[in-house]
Every structure is written in structure tokens, then in C-alpha cells.
Amino acid sequence: MKRGDLLYEGKAKKIYRTEDPDVVWVEYKDDATAFNGEKKGSITGKGEWNNRISIHFFEYLGRHGVAHHLVKSLSATEQLARKVTILPVEVVVRNRAAGSLAKRLGLEEGLVLTQPVVEFYYKNDDLGDPLINEDHIRLLQLAEDQQLAQIREEALRINELLIKRMDACGIILVDFKLEFGVDTAGKLLLADEISPDTCRFWDRETKKPLDKDRFRRDLGEVEDAYREIWTRLGGTAHV
Ligand code: C5P
């Protein structure tokens, strides 16, 4: 498989064409942004950790029957994925209060939620990715009803699986964001990435954040946190 033209460059990844119209070449970058692009920086090694961590999670979820876009790993920072049209809806699942939920509802950071909370955000940079509900999704025709039902069910199942995987590494899965896409055959697939950029991971004993909050909130030891997640998942740290 050869890398073709650049199709799209996002905040954290570059997507290239391949000779197969149904497959894209994904390259993870070290660039980091937060607060809708207002804060910019670079995290050394992030491209490698996120690529490796995301591949690990997608393969794990795939073994448990989750349909996803990953085809195979190519290198430390690259992977092949099925070409999908991403639905413009970010799906957030929360197990504890943190971040925007804690702020919006005045909840104490770390409060254990009595049941997982699923939220939808409209992927729209100009509007700052606003929180939306299922009626808004219908109104804006961002997804079909049946896709939305499938997404909700799959997101909760992924939550159960990721909680279990992280618990085995001594880590609390506070919350995370998922994106779904539709492939060229019309199948709904889990897409994008699952990494410390898109999840909140806290050490179970110390409650120390091991994720992008270290960058967002200038907590220091950012690279160490990404490396720590990879090593706890059983990977070998060599950046
Ligand atoms: O900021 P907020 O508390 O809404 O984030 C919830 C979860 O979604 C966090 O794990 C965060 O990393 C993730 N997220 C993301 N991309 C965004 C917004 C949030 O990965 N654009």
C-alpha cells in the first residue's frame, strides 16, 4: 500500500489517500490544541503514543464485537483505516463529573455518577462545538434515528469495555469522546481515535490525571502521562 495525496489535515492527524479508494493512510502528529484551537502546542512523542494506544483500544474493542475503522498498524505514528464520512456529532460518555459537566452543572470534580451520562456535541468549529440533544440532531439532520440509537447503545457498550480494560491497569476512566463514521458500503463504524487526547484517565490511587488535561491546565509532565498510559497498557516505551 502506498501513501497518496493529502486528503485532510486536522488538529492532531493527517489523512492521505491510498490506491484503495476504501482505505486511508492516517498519520498522528505531535501537535496539540485545546479550547477549540485557542491553546496550541506540541507534545513530544504524542503522535506515537496516541497511534499506539488508539490501535490497542480499537483492536481490543474489535475482539469484543465493536465494528471500527482500523485496518492495520503501519508504523509508530501511522495506521491504515477504512475511509468513512464522519458524522458531525461528538459522543461523550461520562462516569464521573469533570471538565465541562462539572462546570455546567456545578458538580464536584470526581463525583461518581450514579449511571453513565451520554452527551452529544455538534462538531462545528464556528459554533464552538455546542452541546445538543437528539431533537437537535434530528432537526439538523446530523444522523438518522436508527444510527443514533445504534451510536448510543454502542457508546455505552464501549464504556463498559474500556472501564474494564483501564481498571486492569489501575486507571479510572472518567470520561471520553467518540466519533462514528459511515463507510463506502453504508456501514456505521467507530472511527477517529481513543487516546489520552480524547479520554480522561486518572490514576486509581492518587487520582493524578494521565491525559490531555495536563496540557490544557498546564499541570506539567505531559509527555510522561501519555507514555505512562502506553506502558500500563503493556506497551514498551521507547521514544
Ligand atoms: O471538556 P469536556 O469535559 O466536555 O470533555 C469530555 C471528554 O471528551 C474529555 O475526555 C475530553 O478529552 C473529550 N473531548 C474530546 N474532544 C473534544 C471535546 C472533548 O476528545 N472536542
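Up top you'll find the structure we're talking about.
Just so we're clear, the structure is a prediction, and the values are computed from it rather than from any experiment. (Residues numbered from 1 in each chain as written. Predicted model: local features only at pLDDT ≥ 70, side-chain atom pairs only at ≥ 80, totals over all residues. Heavy atoms only, no water.)

In terms of regular secondary structure, the protein chain is built from six helices and 14 strands. Overall, the C-alpha framework of the protein chain stretches about 50 × 45 × 35 Å when taken along its three principal axes. Counting all 239 residues of the protein chain, 52% fall into the buried class. In the protein chain, once contacts between residues fewer than 6 apart in sequence are set aside, the share between residues at least 24 apart is 56%. Averaging the coordinates of the 37 positive side-chain charges in the protein chain and doing the same for the 42 negative ones gives two points 2 Å apart. (Helix = DSSP H or I, 4+ residues; strand = E, 2+ residues; numbered from the N terminus. Buried < 20%, exposed > 50% of the residue type's maximum accessible area, 1.4 Å probe, protein only. Contact = heavy atoms within 4.5 Å. Lys, Arg positive; Asp, Glu negative; His and termini not counted. Charge placed at Lys NZ, Arg CZ, Asp CG, Glu CD.)

Right, let's get into the site of the ligand. As a structural note, the neighbourhood of the ligand is formed by 15 residues, with R94, S100, D175, R200 and R216 the closest of them. Between an oxygen atom of the ligand and a main-chain N or O atom of T198, the distance comes to 3.4 Å. The side chain of R216 places a nitrogen or oxygen atom 2.9 Å from an oxygen atom of the ligand. Compared with its free state, where it exposes 450 Å², the ligand has 79% of that area covered by protein. At the level of elements, β9 (89-96), α2 (99-105), β12 (171-183) and β14 (199-203) are the ones that each hand at least two residues to the shell around the ligand. Taken together, the residues that form the shell around the ligand break down as five nonpolar, three polar and seven charged. (Near = heavy atom within 4 Å. Polar contact = N/O pair within 3.5 Å; in protein donor to acceptor, adjacent residues only side chain to side chain. Areas by Shrake-Rupley, 256 points an atom, 1.4 Å probe, with all protein chains shown as cover. Nonpolar A, V, L, I, M, F, W, Y, C, P; charged D, E, K, R; others polar.)

Taking 1.5 Å per residue, 23 residues should reach 33 Å; helix α4 (residues 145-167) reaches 33 Å between its end C-alpha atoms and fits that length. For α4, the set of buried residues is Q147, L148, I151, E154, A155, I158, N159, L161, L162, R165 and M166. (Expected span 1.5 Å × (residues − 1).)

Counted residue by residue, β12 has 13 buried out of 13 residues, so it is predominantly covered. Summarising the sheet, strand β8 (residues 84-86) and β12 pair through three bridges and their orientation is antiparallel. Of the residues in β12, the one forming a bridge with I86 is G181. Note that β9 and β12 share four bridges and pair antiparallel. Counted as the bridge partner of V92 is K177 from β12. Two elements, β12 and β14, share five bridges in a ladder whose sense is antiparallel. Of the residues in β14, the one forming a bridge with I171 is D203. Turn length for the β12-strand β13 (residues 188-191) hairpin, with the two strands adjacent in sequence and antiparallel, is four residues, and the turn residue G186 shows positive phi of about 90°. (Pairing = 2+ DSSP bridges.)

So, about the packing of aromatic side chains. As enumerated under the stated definition, the model contains one aromatic pair in all. Its end group placed over the ring of Y28, K13 keeps NZ or CZ at 5.3 Å from the ring centre. Over the face of the ring belonging to F215 we find K39, whose NZ or CZ atom lies 5.1 Å from the ring centre. (Phe/Tyr/Trp six-rings, centres within 6.5 Å; stacked < 30°, edge-to-face > 60°. Lys NZ or Arg CZ within 6 Å of the ring centre and 35° of its normal.)

If you trace the five strands from one edge of the open sheet to the other, you get β1-β2-β3-β7-β6, paired in antiparallel fashion. Each end of this open sheet is capped by a strand with a single partner; those strands are β1 (6-9) and β6 (70-73). Neighbour-to-neighbour, the strand axes of the sheet open up by a mean angle of 25°, direction not taken into account. Note that β1 and strand β2 (residues 13-17) share three bridges and pair antiparallel. (Axes fitted to C-alpha atoms, helices over the stretch in contact; angles between N-to-C directions.)

A few words on unusual backbone geometry. Of note in the backbone geometry, F35 takes a positive phi value of approximately 55° without being a glycine. Here F35 lies in the loop between β4 (31-34) and β5 (39-42). When its relative accessible area of 48% is taken as the criterion, F35 is described as partly exposed. One non-glycine residue, N36, lies in the positive phi region at around 55°. Position of N36 among the secondary structure elements: in the loop between β4 and β5. Given a relative accessible area of 39%, N36 falls into the partly exposed group.

Shape is all these values report; function is a separate question.
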